[in-house]
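Letter by letter, the chains look like this.
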Amino acid sequence: MLISTETLKQDLDQLDRDQLQQVADFIAFLKFRGQHRRRVVLDPTQLATLFTEFADEDRALAETGMFEID
């Protein structure tokens, strides 16, 4: 569905105050979602390092837990 800027403007002119607020809220949501998606950049090398660190820590915690007697 192709829609022009002019068509959108005409549709907006017909909305009441509450409907305009809903449109404004939705636009703010879309902007927020767009900004959030652009910021996430994963570095595979950094992820591998974190995985190794957490795996070592998890292993140590599991071994400690296995030897504890309640």
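Residues numbered from 1 in each chain as written. Predicted model: local features only at pLDDT ≥ 70, side-chain atom pairs only at ≥ 80, totals over all residues. Heavy atoms only, no water.

### Overview of the overall build of the chain
Of the regular secondary structure elements, the chain holds three helices and zero strands. Ordered by position in the sequence, the α and β elements of the chain form the string α-α-α. Expressed as a percentage of the 70 residues in the chain, the buried residues total 1%. For the chain, the exposed surface amounts to about 7,100 Å²; the carbon and sulfur share of it is 58%. (Helix = DSSP H or I, 4+ residues; strand = E, 2+ residues; numbered from the N terminus. Buried < 20%, exposed > 50% of the residue type's maximum accessible area, 1.4 Å probe, protein only. Areas by Shrake-Rupley, 256 points an atom, 1.4 Å probe, with all protein chains shown as cover.)

### Here we look at the pattern of salt bridges
One pass over the structure, following the stated rule, counts one salt bridge. Among the salt bridges present, the one from Arg-59 reaches Asp-56, with a minimum N-O distance of 3.0 Å. Note that Arg-59 and Asp-56 are positioned in helix H3 (residues 44-67) at a spacing of three residues, about one turn of the helix. Residue classification places Arg-59 among the partly exposed residues on the basis of a relative accessible area of 45%. The partly exposed category is assigned to Asp-56, whose relative accessible area is 41%. (Salt bridge = Lys/Arg side-chain N within 4 Å of Asp/Glu carboxyl O.)

### Overview of the confidence of the model for the chain
Mean pLDDT over the chain works out to 86, with 86% of the residues at or above the 70 mark. When pLDDT is averaged over each helix and strand of the chain, the minimum, 86, is found for H3 and the maximum, 94, for helix H1 (residues 5-13). (pLDDT = per-residue confidence, 0-100.)

### Re a nonpolar patch on the surface
On the surface, Leu-42, Leu-47, Leu-50 and Phe-54 cluster together to form a nonpolar patch covering roughly 390 Å² of accessible area. Following the sequence through the fold, Leu-50 ends up in helix H3. For Leu-50, a relative accessible area of 34% puts it in the partly exposed group. (Patch = residues over 30% accessible without salt bridge, like charges linked within 9 Å, V, L, I, M, F, W, Y side chains within 5 Å.)

### Focus: the packing of aromatic side chains
Going through the model one piece at a time under the given rule, you end up with one aromatic pair. Judged by centre distance (6.3 Å) and plane angle (35°), the rings of Phe-26 and Phe-29 are tilted. Here Phe-26 pairs with Phe-29, and both are found in helix H2 (residues 17-39), just three residues apart, close to one helical turn. (Phe/Tyr/Trp six-rings, centres within 6.5 Å; stacked < 30°, edge-to-face > 60°.)

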